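Spelled out, the chains give:
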Amino acid sequence: MIDCLCKTSVEELSDNLYKHLLTLHGKLAKLNPVGGILMSDIGDEELGVEVKKTLCWPSPGCHCNCGLLVRVKDNKILSIKGNPEFPYNRGSVCERIPHFRKWLEHPDQLMHPLKRQGERGENRWERISWEQALDEIAAKLQTIKAEYGAESLSTIEGTYRSDFYAIRARFLNLFGNPANVGAAGTACACNKVALSFALAGTNIPCILAPPIKHLNCLVLLGRDYTAANPVRRRPMQKWRTLKPEARMIVVDPRQTEMAKMADMWLQIRPGTDTALLMAWINIIIARGLYDREFVAQWTYGFEQLKQRAAEYTPERVAEITWIPADQIIASATAYADNKPGCIHSGLAADQLGRNATRVEQAKLCLHAITGNMRGEAPGLAPEGPGPVVNGVMAMRDSMLQMAELCSPEQRAKQLGSDRFKLMTWPAYERMNALYMQTYGVPLPMSGHSFTASEPAIWRSIVDGVPYPTKALITWGSNPLLNAANTRMVYKALKSPNLDLHVVLEHFMTPTAMLADYVLPAASKLERGTLSTMEDFTSVFVAAERAIQPIGERKTDYYFFCELAIRLGFGEHFPWKTEEELYNYRLQPLGITFEEAASRKYVIAGAEPWTHDRINPRTGKVTGFATRSGKFELYSNLLEELGYDPLPYYEEPPESPISTPEIATEYPLILINGGRFMPQFQSEHRQFGMGLREQHPDPLLQIHPETAAGLGLREGDWARIETPRGAIIMKTQLATGIDPRVVHAEHCWWFPEQPGAEPSLHGLWQSNVNVLTTDEFDACDQVTGSWPGRALLCRVSRVPPAL
C-alpha cells in the first residue's frame with residue numbers, strides 16, 4: 001500500500017542541498033564520510049569546519065522541530081542558521097536561534113554529576129562521578145523496590161523533551177512499574193491525542209500541525225502562532241496574501257496578533273469553549289451544513305449528538321460565552337461553508353480542568369460532521385502508524401516499550417487510573433486491542449498520551465495514599481514551575497517520605513535544588529534525533545548531533561541504559577549508543593541513521609494509512625480502530641469507562657457562575673500561560689545569553705479601565721491573589737483584553753536570586769502556579785488535566801517601597 005519515501009525525503013531533495021552547498025559563493029565543499037559537510041562553508045574560508053544538520057528542539061528551542069545548519073569546528077559551534085531544505089521550516093527560524101551558542105556556553109550550565117550535601121534546598125553539593133551516581137541510585141532503587149514494590153517509583157517529565165520515552169517505558173516495564181509517569185503533557189496537547197485515539201482509533205495529524213496553505217478556513221482556538229509557533233508567522237502571512245478568500249477565525253479572550261489578522265475575532269469568556277463549539281454543532285446540523293454522505297458512511301452516533309447539541313442555542317450560548325449570538329452563527333456557518341477547514345486549539349483549552357476533554361471532543365465532532373475528516377488537505381484525515389516503505393514498517397516507539405511485561409496486578413496500581421481513565425491502563429487496554437486488530441502494532445503507551453495523574457503522585461508522596469511513592473526521577477521538567485499547585489509540589493519534593501529524587505537537567509532549577517542527585521543532561525545540540533514525536537505521527541524525523549556532549553553531560557538513553565545494567569536487565573538494552581539504537585529502528589527500511597539524518601530528514605510512506613484505504617493486513621477497507629469501526633460522535637469507549645459518551649459544557653471549577661461566593665471576593669477571571677518570546681516555558685530565564693535581556697520581567701496584562709480603578713499604571717508592580725496564594729508581576733496595559741479578565745505570564749523564576757531556601761531562585765515571587773489548584777474535583781474527570789485557566793483572582797497595587 002505504501003511503498004516509497006515521501007517527496008520531502010527523496011534523494012532529489014538531498015541532492016539539491018548538496019548542489020546548493022557545492023556552489024554556494026563559488027566555494028568548494030567536500031563530503032565528510034561521517035555525515036557532516038567539510039567545507040570552506042557558508043562564508044567561511046577556514047578549513048576543517050563541518051556543517052551539521054540538526055534540529056531545534058527543547059532544549060534549547062521549542063517544539064517546532066525546525067531544521068538547522070550548525071557550523072562546527074573542534075567540537076565548538078561557530079554559527080547556527082535555518083536549513084532551507086528542511087521541510088518543516090524551509091530555513092525560517094525564530095529570534096531564539098542566534099542566542100543558542102550563548103545558551104550552550106553559559107557559565108550556569110551543569111557539567112558534572114552532583115550529590116546533595118545537607119538538607120534539600122540548602123544548595124550544598126558534592127561533585128561525583130557518573131559511575132558513583134549511577135551505582136548509588138541503582139542500589140537505592142533496589143532497596144526501595146524490595147521494601148515498597150516497583151510501583152513506589154514515579155517519573156516526572158516535560159512535554160516532548162526527548163525521543164527516548166520508549167526507552168523510559170521499556171525501563172519501567174522491566175522494573176515492574178505500572179507506568180507511574182507524571183507529565184505536563186496531560187494538560188498540554190497530549191490529552192488531545194488520547195481523545196483522538198479514543199474517537200478515531202488513531203491520531204489526526206492536524207490536531208498538532210494544521211496544513212495551513214491548503215486550507216480555506218482556519219480556526220485558532222486559544223492559539224497564537226506569533227508567540228507559540230513563531231516559524232508559522234511567515235506561512236500564515238503568505239496564506240493570507242495568496243488566499244484572500246480563505247476565512248480565518250480566532251477564538252481568544254485576548255486580541256492577539258492572530259486575532260488582529262483574522263476575519264472574525266470571538267472574544268470568549270475564559271473556560272466556555274465547549275459551549276461555543278456545541279452551538280456550532282447545533283447550527284451546522286440545524287441548517288443542513290453537515291456532510292451527509294460522510295456522516296452516514298463513517299460516523300457513529302449522529303442522532304444522539306444532534307439531540308445533545310440542540311440544547312446549545314446561539315442565544316443561550318451567547319449568555320455563557322459573552323459572544324453575541326449573531327457572531328456565533330456567522331462563525332459557525334463560515335467554518336462549515338469554507339472547506340477544507342481545521343480548528344487548531346492551543347493548550348489553553350487543555351488547561352481548563354473540569355471540562356477540558358469536552359472541548360476537544362466537540363472540536364473533533366465538528367471536524368467529522370463537516371466532512372473535513374475526509375482528508376481533502378494533508379493531515380486532516382486520521383492516519384495509521386508508519387512509516388511503511390515497500391510494505392515494511394520501521395520500528396516505532398510502541399515496538400520498543402514492552403508493555404506486555406506489566407501484569408494486570410501492577411496495571412491496577414497506576415496512580416489515578418481508578419478515576420482519570422482515558423490516559424491510563426483502563427482505556428489503553430481497550431484501545432490497544434482494537435489498534436492491534438486494525439494495524440498489527442501496539443498502541444503507544446510510552447508517550448504522554450498515556451500518563452499517571454501527576455497530582456496523585458504528589459499526594460502519594462505526602463500522604464502515602466493509595467501507597468507511598470518513595471523514589472522520583474525528574475527529567476526534562478521543572479514541576480515547581482510548570483505543575484499546578486506549587487505548594488503541594490514543594491511539600492512533596494521536601495517530604496521526608498521521599499527517599500530518592502534524581503533530576504536530569506541543563507541548569508540548576510528550583511526543582512533541581514530539592515533533588516538528591518542532579519545529573520547533567522546533554523542538550524538537543526549534543527545528541528542526534530530519530531523521532532516519531534511520541535508515535536503521534538506516522539513519520540520519522542532524523543537529525544545529526546551538532547557536537548559531542550560537553551563537560552560530563554550524558555544523554556537520556558545513557559542514563560536509563562546504565563541503570564538497567566545495574567538493576568539486572570541490561571540485556572534488554574543491547575545498543576551501546578543511541579546511533580546503534582537508531583540504526584536498529586531503521587533497519588527494516590534498509591537505510592542507516594547516517595543516511596536518514598544527513599540526507600533524508602523526514603521518512604514517510606508515499607500515502608498515509610487513512611480510514612478509506614485498503615488495509616494490507618486484511619485486504620479490506622481499513623475503517624477506524626474503534627468499537628463501531630467508525631468515527632465515534634457517541635463514544636463507546638467513554639461509555640464503557642463510565643463517562644458521558646457525548647460532549648457537553650460544564651462551568652469551570654471557579655467562575656462567577658459556579659462559585660459566586662468566591663467571585664465576590666475575587667472578581668477577576670485569571671488566565672495564564674499565553675506564550676511570550678523569547679522565553680519558552682520555564683527556560684531562558686538566565687541573564688547573559690541575550691534572551692532574558694529582551695523580556696526581563698514577568699507581566700500581568702490588564703485592561704486600562706480595570707487598572708485605573710485599582711490605581712495601577714504601566715510598569716507598576718501588581719499583586720495577584722487567589723484563595724491559594726499571592727504573587728507579584730509588572731503591569732502591562734492592554735486594550736485587547738476584557739476588563740473582567742487578566743492574564744499572567746507563566747513559569748517565572750529568577751536564576752540571579754539566591755538558590756538556597758527560602759528563595760529557591762525566587763520561586764515564590766512571580767510563579768503563577770502558586771495561584772492554581774490541582775484538587776481532584778477541579779481536574780478534568782476524563783484525563784486528570786488540571787485547571788490553569790479561568791480561575792478567579794483579585795489584583796491590587798504593590799506600594800513602591802516593596
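Scroll up to find the structure this text is about.
Everything quoted here is computed from the prediction, not taken from an experiment.

### A few points about the pairing of strand β17 (residues 471–475)
Move 1: Of all five residues in β17, five are buried; the element is thus mostly enclosed.
Move 2: On β17, burial covers both faces: Ala471, Ile473 and Trp475 on one face and Leu472 and Thr474 on the other are all buried.
Move 3: Examined bridge by bridge, strand β8 (residues 153–157) and β17 share five bridges and lie parallel to one another. Following the sheet pairing, Ser154 is matched in β17 by Leu472.

### Examining the pairing of strand β5 (residues 76–82)
Move 1: Here strand β4 (residues 67–73) runs beside β5; their pairing, made up of six bridges, is antiparallel. Paired with Arg71 across the bridge in β5 is Ser79.
Move 2: Counting the residues in the hairpin turn of β4 and β5 gives two residues, including Asp74, whose phi is positive at 55 degrees.

### So, the packing of aromatic side chains
Remark: the centre distance and the inter-plane angle together describe each pair of aromatic rings, the angle taken between the planes.
Move 1: Under the counting rule described, the total for this entry stands at 28 aromatic pairs.
Move 2: Measuring from ring centre to ring centre gives 6.1 Å for Phe164 and Tyr582, while their planes differ by 5 degrees; the resulting arrangement is stacked. On the criterion of sequence distance, the pair formed by Phe164 in the loop between β8 and α4 (165–175) and Tyr582 in helix α22 (residues 578–586) is long-range, its members being 418 residues apart.
Move 3: We classify Phe164 as buried; its relative accessible area is 1%.
Move 4: When the ring centre of Phe175 is taken as origin, the NZ or CZ atom of Lys145, which lies over that ring, is 4.7 Å away.
Move 5: A cation over a ring is seen here: Arg685 above Trp748, with NZ or CZ 4.4 Å from the ring centre.

### Quick look at the sheet that holds strand β29 (residues 791–797)
Move 1: Read around the closed barrel, six strands run β24-β28-β25-β27-β26-β29, paired in mixed fashion. Neighbour to neighbour, the strand axes of the sheet diverge by 45 degrees on average, direction disregarded.
Move 2: Note: strand β25 (residues 699–702) against strand β27 (residues 725–733), four bridges, orientation parallel. Note that in β27 the partner of Leu700 across the bridge is Thr731.

### Details of unusual backbone geometry
Move 1: In this model, Lys339 is joined to Pro340 through a cis peptide bond whose omega is 0 degrees.
Move 2: Checked against the element boundaries, Pro340 lands in the loop between α13 (325–337) and β14 (341–345).
Move 3: In the segment running from Met677 into Pro678, the intervening peptide bond is cis, with an omega of 0 degrees.
Move 4: One non-glycine residue, Arg90, lies in positive phi territory at about 50 degrees.
Move 5: Position of Arg90 relative to the elements: it lies in the loop between β5 and α2 (100–105).
Move 6: Owing to a relative accessible area of 43%, Arg90 belongs among the partly exposed residues under this scheme.

### Notes on the side chain of His703
Move 1: Topologically, His703 is positioned in the loop between β25 and α26 (704–709).
Move 2: Residue classification places His703 among the buried positions, given a relative accessible area of 11%.
Move 3: A polar contact of 3.1 Å, which involves the side chain of His703, links it to the backbone nitrogen of Glu705.
Move 4: The residues contacting His703, other than those within four sequence positions of it, are Ala734, Thr735, Ile737, Asp738 and Pro739.

### Brief notes about helix α23 (residues 593–600)
Move 1: Along α23, the positions that sit buried rather than exposed are Phe593, Ala596, Ala597, Ser598 and Lys600.
Move 2: Note on α23: the residue one or two positions beyond its end, Tyr601, has a positive phi of about 70 degrees.

Definitions and limits used
Residues numbered from 1 in each chain as written. Predicted model: local features only at pLDDT ≥ 70, side-chain atom pairs only at ≥ 80, totals over all residues. Heavy atoms only, no water. Buried < 20%, exposed > 50% of the residue type's maximum accessible area, 1.4 Å probe, protein only. Helix = DSSP H or I, 4+ residues; strand = E, 2+ residues; numbered from the N terminus. Pairing = 2+ DSSP bridges. Phe/Tyr/Trp six-rings, centres within 6.5 Å; stacked < 30°, edge-to-face > 60°. Lys NZ or Arg CZ within 6 Å of the ring centre and 35° of its normal. Axes fitted to C-alpha atoms, helices over the stretch in contact; angles between N-to-C directions. Polar contact = N/O pair within 3.5 Å; in protein donor to acceptor, adjacent residues only side chain to side chain. Contact = heavy atoms within 4.5 Å.

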